[in-house]
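Residue strings, one per chain:
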Amino acid sequence: MKLLNEKSKSGSSSFNVSLLDIQTNIPDDLQRTDLNLPELAEVEVVRHYTNLSKSNFGVDNGLYPLGSCTMKYNPKINEVAAKIHEFNIHPLSQHNKGALEIIYQLQQILCEITGMHAFSTQPAAGAHGESTGIMIMKTWLEKRGEKRTKVIIPDSAHGTNPASVSLCKFESVHVKTSLTGVIDLDDLRQKMSKDVVGIMITNPNTLGIFDENIIEITEIVHDYGGLCYLDGANMNAMLGIVKPGDFGIDIIHLNLHKTFSTPHGGGGPGSGPVGVTKELEPFLPNPRIIKKNEKLEFEQSKESIGKVHSFYGNFGILLRAYSYIRSIGASGLRDVAENAVLNANYMKERLKRHYHLPYDRICQHEFVIDDSLMPNGVTTNDIAKRLMDFGFHPPTIYFPLIVKGAMLIEPTETETKENLDAFIDAMKVIKEEAEHNPEKLTKAPLNAPIGRLDIVRAARKPKLTWHST
Amino acid sequence: MDYTPNTDKDRESMLREIGVRDIMGLFKDIPEDLILKSPLQIPDQLSEFELLRELGKIAKKNKKPLSFQGGGNYNHHIPSTVDAITSRGEFSTAYTPYQPEISQGTLQAIFEYQSMICDLTGMDVSNASMYDGATSLAEAMILASRIKGKKQVLVSQALNPFYREVLKTYARANEIKIVDIDVTDGLTSDFETEGSSAIIIQNPNFFGLIENLDEIRKKAEDILFITSTTEPLSWAMLKPFSEYNVDIVTAEGQSFGNPMNFGGPGLGIFAVKQAYVRQIPGRLVGETVDIYGNRGFALTLCTREQHIRREKATSNICTNQGLCALAAAVYLVTYGKNLGKLARLNNQLSVCFAGKLSQIEGIDPVFDKPFFNEFVVRIRKDILSKLSDIEIGISLEEYYPDLKDCYLVCCTEMTPKEDIDRVIYEITQ
């Protein structure tokens, strides 16, 4: 499709602005002489983006089983809630009681769901929550006057975990995954020392397995005086079933855009609130929103890591998450976990007849299969591209790194059994095609808006704007 | 409400297929004493109309008086095209475009966003956006100290105080030393570059004033020049940063089509010179071709990123503010060249308001310098009490003890002349 600048026609923009008869105070030599933005009639703008949207696939289009991303249905009522006129106020307005109430209530609800003592909603995304959590570890360490340098991360972790650790100038130490798909306790014991600040765990982990040794793991880390961080990316499987605070977690981040149904927006905005134990509460980002004498107010803590966002985080996303939680209530939250886990296990059991399942055991909200049984050199990437032709978004591929050719599948609770069956059928057909007609797969997608893209070329000679040649 | 479509019958047949007797059989890996015995203490579910009633009640506790607050978050009109486009589920319910063949909508829109940010700033490369203005700037600080190898940066005190706090947080974590540069008469004062990797200047600065970027660049020729902007509408009127040889441009892009929303979500703009393209944090969209030779777009230069580089990545950021960037793109192309006029109108209204206020006894302009759409005035306390139902600006005393009784006042197209006249009337009647 043509680019905006290729459609631009001088003088065609119709979005008029009337000026006043007032001289500017800005000297000429500080002003720009031309403004090179594309010019399109309003109807052409709308058509441009409407047509672009047609070559996009969202949850509203179909099953989107992108593992560890929890692509559940985003209820439309949340969008209505987020656009209530009175909520759109300036962050420094004094007339903010309603906004503060939403944030405060959400903090309380997240505490109840996770078993943590206090939450900050400032972090704008999961990775932002991670770095905030590691900053809390660092500041806590400084306060204790200790020098520790290492953070333990399982080899199945999201790549953002080690990157967040590096941001805070700690060193990542990796622990192995055992043959049954959980943290190798012997390896963990071996790597623990008084130089370890803490551990970053994902549980259920990125293989979709709830680590049955979780209590032992957090005890080992605590015995050495370390802290336990939980990457809450996979909280969807635990809602109303188990609270991370009960298994020894000191710091957690949640992804409101995953667990609490706020739309992913093509990459964001998300929200990554951080929760902590009572001991760590003073280290949460400033300002906190607290209740004092029945009144909500901002509070600055001297021990805080400081501010991590221009204002108070992604309020528009907090509103949507609040709306979601209130609309489904306590029993609805438990329903979410039960059905997410049910759907994943159902798919896993049916797919393992056709695909290799490296960890054959009960899973939580997601599971991993791989391409090791595929004939004729057909790869995970080929399977992913072919799935598009059947009207599905592919799963997360080549992650976690510990499974070669991994496909991480997370159907979520909002899919019907019919959708799951259709996906399973498509996977069966793909397996048969791999045997009899592998070319169909290596050329896939065949019906997508565009053919398979040359990713290597994009990186070799990057063309990142319409100006570059 | 309930968004889990499985019927009891579905659940039964699925459990049978799995081979477990009941749903709790699926949670057998969880140590039994951890399983919650009672329901969460959260109010029960609500129907749509009950929920809206409840939210409406809370919303009404906010009030929206006439306001002249800016300082990092601005009340601009959002063209109707923006909501119409960003509400489309194909855009809003997609995720990071990992699979480009079914994400061309997001990818092309971001490519066009990157291009228009370069149009406005004159820079060579823009990333796909970041969390907000403050964190974008923090990432720029970290990038500069990494490539220059000096763990010290110069930061103007005329930078938004919230941004300075965020920089402090990141600097502490990343073990960077911040050296403050004083402000003289509203503008960044003299500084020494020795030992520093970069200088950070806001333009227009927190007081709304236009900094002398030419002079700053000359004095800082041996270090990186990083700018921050909280009101990028000013870019449509001012000379682009490339003309001052700026290395890294960061900004809060909320003004471009995103509501105030109590401060978030924002849109972190991040643009650099070509030389730093392989060091840049965040997502980048690039042009390529498909196997048939058709033009297409994909995420690129991913070897900078954490899913490949892990602890050696240029940043831990793995997403962008996709929908906010889309809103900005629709906003920019809806206005097109008329964005220059909109900027001019904002400036005119501010000049008008500043002029009228300064004629009132007891109100004094604090800095006599060119500004874009924000300015500082000192208001005598008895006058202020007449404005109890108007938010006249942001009180500066908390952040700058010298600026007692001073307010940062902002005008946009949403505070037309009638609003300005109303304030003058309330004061003078």
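The present account deals with the structure reproduced in this document. (Residues numbered from 1 in each chain as written. Chains lettered and ligands numbered in written order. Predicted model: local features only at pLDDT ≥ 70, side-chain atom pairs only at ≥ 80, totals over all residues.)

1. Some details on the overall build of chain B
Within chain B, the regular secondary structure consists of 13 helices and 17 strands. Along the first, second and third principal axes, the C-alpha atoms of chain B reach 80 × 55 × 50 Å. Looking at chain B residue by residue over its 429 residues, the buried ones come to 59%. Looking at chain B alone, contacts between residues at least 24 apart form 72% of all its contacts between residues at least 6 apart. (Helix = DSSP H or I, 4+ residues; strand = E, 2+ residues; numbered from the N terminus. Buried ≥ 20, exposed ≤ 12 C-beta atoms within 10 Å, placed from the backbone. Contact = placed C-beta atoms within 7 Å.)

2. Section: the nonpolar core
Met141(B) and Ile200(B) are the most contacted members of the largest nonpolar core, which has 280 residues in total. Looking at which element gives the most residues to this core, the answer is helix α10 (residues 315-351) of chain A, with 20 residues. Among residues more than four places away in sequence, those in contact with Ile200(B) are Leu137(B), Met141(B), Val153(B), Leu154(B), Val155(B), Ser156(B), Leu159(B), Ile226(B) and Ser228(B). (Core = buried A, V, L, I, M, F, W, Y, C linked by C-beta atoms within 7 Å.)

3. Some thoughts on unusual backbone geometry
Here Ala444(A) and Pro445(A) are connected by a cis peptide whose omega angle stands at 5°. Relative to the helices and strands, Pro445(A) resides in the loop between α13 (438-442) and α14 (455-460). Going from Gly264(B) to Pro265(B), the amide bond is cis rather than trans, its omega being 0°. Even without being a glycine, Tyr398(A) presents a positive backbone phi close to 55°.

4. Observations regarding the environment of Glu48(B)
Inspection of the secondary structure puts Glu48(B) in helix α2 (residues 48-59). Separated by 47 residues in sequence, Glu48(B) and Met1(B) have C-alpha atoms that sit 7.1 Å apart. When near neighbours in sequence (up to four residues on either side) are disregarded, Glu48(B) contacts Ile77(A) and Met1(B).

5. Let's talk about the sheet that holds strand β6 (residues 251-254) of chain A
Backbone hydrogen bonds hold the strands of a sheet together, and the pairing may be parallel or antiparallel. Residue and element names in this part refer to chain A. Across the sheet, which stays open at both edges, the seven strands sit in the order β1-β7-β6-β5-β4-β2-β3 with mixed pairing between neighbours. Since the sheet does not close on itself, it has two edges, and those belong to β1 (118-120) and β3 (171-175), each with one partner. Going from strand to strand, the sheet's axes swing by 25° on average, the running direction of each strand aside. Strand direction decides the pairing type here: strand β2 (residues 150-154) and β3, joined by five bridges, are parallel. Bridging from a neighbouring strand, Ile152 pairs with Val173 of β3. Here helix α6 (residues 160-167) sits on the sheet and contacts β2, β3, β4 (196-202) and β5 (227-232); the angle it forms with β2, its principal contact strand, is near 175°. (Pairing = 2+ DSSP bridges. Axes fitted to C-alpha atoms, helices over the stretch in contact; angles between N-to-C directions.)

6. Notes on the packing of α10(A) against helix α12 (residues 417-436) of chain A
Residue and element names in this part refer to chain A. It is at 10 Å that the axes of α10 and α12 come closest, and there the two elements cross at 25°. Relative to α12, the element α10 is oriented roughly parallel. Both α10 and α12 take part in a crossing whose hand is right-handed. Here Asn343, Tyr346, Met347, Arg350 and Leu351 of α10 lie close against α12, whose contacting residues are Leu420, Ile424 and Met427. Class assignment of the residues belonging to the contact of α10 with α12 gives a composition of six nonpolar, one polar and one charged. (Parallel < 35°, antiparallel > 145°, perpendicular 65-115°, else oblique. Left-handed = near helix turned anticlockwise from the far one by under 90°. Nonpolar A, V, L, I, M, F, W, Y, C, P; charged D, E, K, R; others polar.)

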